[in-house]
Amino acid sequence: KAGVTQTPRYLIKTRGQQVTLSCSPISGHRSVSWYQQTPGQGLQFLFEYFSETQRNKGNFPGRFSGRQFSNSRSEMNVSTLELGDSALYLCASSLITGGKETQYFGPGTRLLVL
Amino acid sequence: ELKVEQNPLFLSMQEGKNYTIYCNYSTTSDRLYWYRQDPGKSLESLFVLLSNGAVKQEGRLMASLDTKARLSTLHITAAVHDLSATYFCAVVPIQGAQKLVFGQGTRLTINP
């Protein structure tokens with residue numbers, strides 16, 4: 001079974017631009033979560049989607065948004081990029097049957113904002 | 001608000017030695033995960049611990065959970081160089097939610 005895939009893997013943008021990242025979960029997984037990893041703040045939860053609905057949201061500004069499609073693929077958008085948005089963005093998927101499944105992480109998208 | 005703290009944050013050890021990484025969390029949770037991350041890579045799932053007293057082992061790694069003490073440990077036995085990585089514990093604060101709160105990570109370096 002193929003793992004979680006994320007595109008693009010690397011991205012360079014300039015301040016003020018916007019960016020869209022994509023995540024395809026493991027086949028059959030319906031929950032997709034997004035995390036930001038930076039050296040200073042560590043791993044932080046952005047949001048979770050299940051059946052095209054946002055179920056949980058972390059403490060990030062409104063510039064960070066996401067959505068999930070009917071095939072469970074998810075996109076994350078960051079508008080008006082700031083230098084501090086440079087990070088590794090990780091997507092994770094899980095089944096959500098008993099609610100205690102492991103989240104499986106994708107390879108990540110490394111975003112550099114100049 | 002759930003806080004997760006790991007210690008130590010940095011650990012340098014010799015091959016063949018044993019050591020333990022500790023993970024404390026501040027509020028009740030029904031799930032605790034351990035992940036491994038190699039430099040520049042994503043997170044690899046190691047263990048999920050679901051109940052008090054749970055113990056899981058894979059190779060030279062063993063994880064345990066004490067929900068009353070809100071403490072998990074990751075024990076490394078007879079360390080080998082290949083275990084060099086950063087190890088994260090993560091806790092889910094709300095039952096049924098898929099929101100992980102991570103510790104700071106423990107960067108483990110194993111020297112020959």
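Everything below is about the structure shown above.
What you see is a predicted model, and the numbers here were worked out from it, not measured in a lab. Think of each chain on its own: its residues are numbered from 1, step by step along the sequence as written. The naming scheme follows written order: chains are lettered A onward, ligands numbered 1 onward. Whole-chain, interface and lining totals are the exception, using all residues; otherwise, since this is a predicted model, local features are given only for residues with pLDDT of at least 70 and side-chain atom pairs are given and counted only at 80 or more. Computation of side-chain values covers all heavy atoms of the structure but excludes hydrogens and water.

1. Section: the side chain of S84 of chain B
All names here are of chain B. Counted only if it meets this: Working definition: helices are DSSP H or I runs of at least four residues, strands are E runs of at least two. Numbering for both runs from the N terminus. Residue burial is assigned from relative accessible area. The probe radius is 1.4 Å, only protein chains are included, and a residue is buried under 20% of its type maximum, exposed over 50%, and partly exposed in between. Here a polar contact is recorded for every N or O atom pair within 3.5 Å, except that within protein the pair must consist of a potential hydrogen donor and a potential acceptor, and residues adjacent in sequence are included only if both atoms are side-chain atoms.
Summarising the element assignment, S84 is placed in the loop between β8 (71–76) and β9 (85–91). S84 gets classed as buried once you look at its relative accessible area, which sits at 19%. Of note is the side chain of S84, whose polar atom sits 2.9 Å from the backbone nitrogen of I110.

2. A closer look at the sheet that holds strand β6 (residues 55–58) of chain B
All names here are of chain B. In plain terms, the rule: For two strands to count as paired, DSSP must find a minimum of two bridges between them. A fitted line through C-alpha atoms serves as each axis, taken over the contacting stretch for helices, and the angle formed by two N-to-C directions is quoted from 0 to 180°.
What the 5 strands build is an open sheet, ordered β1-β3-β8-β7-β6; its pairing is antiparallel. Lying at the two open borders of the sheet, with one neighbouring strand each, are β1 (4–7) and β6. Within the sheet, the average angular offset between the axes of one strand and its neighbour, ignoring direction, is 15°. Sheet analysis places strand β3 (residues 19–25) next to β8, joined by 6 bridges and oriented antiparallel. Each bridged residue has a counterpart across the sheet, and for Y22 the counterpart in β8 is T73.

3. Brief notes about the nonpolar core
Heads up, the rule is: To form a nonpolar core, buried Ala, Val, Leu, Ile, Met, Phe, Trp, Tyr and Cys residues must be joined to one another through side-chain atoms within 4.5 Å.
Membership of the largest hydrophobic core comes to 26 residues, with the highest contact counts inside it found for V4, L32, W34, L74 and Y87 of chain B. In terms of residues, this core owes the most to one element, β9 of chain B, which gives 4 residues. Membership of the second largest hydrophobic core comes to 21 residues, among which are V4, L21, Y49 and F64 of chain A.

4. Concerning the interface of chain A and chain B
Often, the extent of an interface is quoted as the loss of accessible area on bringing the components together. Using the following cut-off: We call two residues contacting when some pair of their heavy atoms lies within 4.5 Å. Accessible-area loss on putting two parts together, using a 1.4 Å probe and summing over both, is the definition of buried area adopted here. One side-chain nitrogen of Lys or Arg within 4 Å of one carboxyl oxygen of Asp or Glu is enough to make a salt bridge.
In this complex, chain A contributes 22 residues to the contact, which on the side of chain B involves 19 residues. Across the chain A to chain B interface the summed buried area is about 1700 Å²; carbon plus sulfur atoms make up 53%. On the chain A side of the interface with chain B, the three residues burying the most area are L43, K100 and F105 of chain A, jointly 33% of the side's total. In this assembly, chain A and chain B are joined by 0 salt bridges. Linking chain A with chain B are 4 residue pairs in polar contact (both at pLDDT 80 or more), by the criterion used here. Every element with two or more residues in the side of chain A that touches chain B is listed here: β4 (31–38), β5 (42–50), β6 (53–57) and β9 (87–94) of chain A. A per-element tally of the side of chain A that touches chain B places β4 of chain A first, with 4 residues.

5. Considerations on a nonpolar patch on the surface
Quick reminder of the rule: In this scheme, patches are assembled from residues that exceed 30% relative accessible area and form no salt bridge. Like charges are connected within 9 Å, while nonpolar side chains (Val, Leu, Ile, Met, Phe, Trp, Tyr) are connected within 5 Å. All accessibility values rest on the Shrake-Rupley procedure with a 1.4 Å probe; residue burial counts only the protein chains present in the view.
On the surface, I12, L112 and L114 of chain A cluster together into a nonpolar patch covering about 300 Å² of accessible area. A relative accessible area of 52% means that L114 of chain A is categorised as exposed.

6. Examining the side chain of T38 of chain A
Residues and elements named next belong to chain A. When you line up the elements, T38 lands in strand β4. Exposure remark for T38: the relative accessible area of 12% places this residue in the buried category. Of the polar contacts made by the side chain of T38, one reaches the backbone nitrogen of Q41; its length is 3.1 Å. Ignoring anything within four residues of it in the chain, the contact list for T38 reads S86 and A87.

7. Here we look at the state of the cysteines
So the rule is basically this: Disulfides are defined in this document as cysteine sulfur pairs within 2.5 Å.
Inspection of the entire model under this criterion finds 2 disulfides over all chains. Paired through a disulfide, C23 of chain A and C91 of chain A show a sulfur-sulfur distance of 1.7 Å. Taking the sign of the S-S torsion, about -50° here, the bridge from C23 of chain A to C91 of chain A comes out left-handed. Of this pair, C23 of chain A sits in strand β3 (residues 19–24) while C91 of chain A sits in strand β9, placing them 68 residues apart in sequence. Here C23 of chain B pairs with C89 of chain B through a disulfide, and the sulfurs are 2.0 Å apart. As the torsion about the S-S bond is roughly 80°, the C23 of chain B-C89 of chain B disulfide counts as right-handed. Taken as a pair, C23 of chain B in strand β3 and C89 of chain B in strand β9 lie far apart in primary sequence, 66 residues in all. The same class applies to C23 of chain B as to C89 of chain B, namely buried.

8. Looking at the pattern of salt bridges
All names here are of chain A. Applying the stated rule across the entire model yields 6 salt bridges over all chains. Across the pair R63 and D85 runs a salt bridge, and its minimum N-O distance is 2.8 Å. Of this pair, R63 sits in the loop between β6 and β7 (64–68) while D85 sits in the loop between β8 (74–78) and β9, and the two are 22 residues apart along the sequence. Note on R63: relative accessible area 16%, which makes it buried. Exposure remark for D85: the relative accessible area of 4% places this residue in the buried category. Between R67 and E75 there is a salt bridge whose closest N-O contact spans 3.2 Å. Assessed through its relative accessible area of 46%, R67 is described here as partly exposed. Connected through shared salt-bridge partners, R63, E82 and D85 make up one network.

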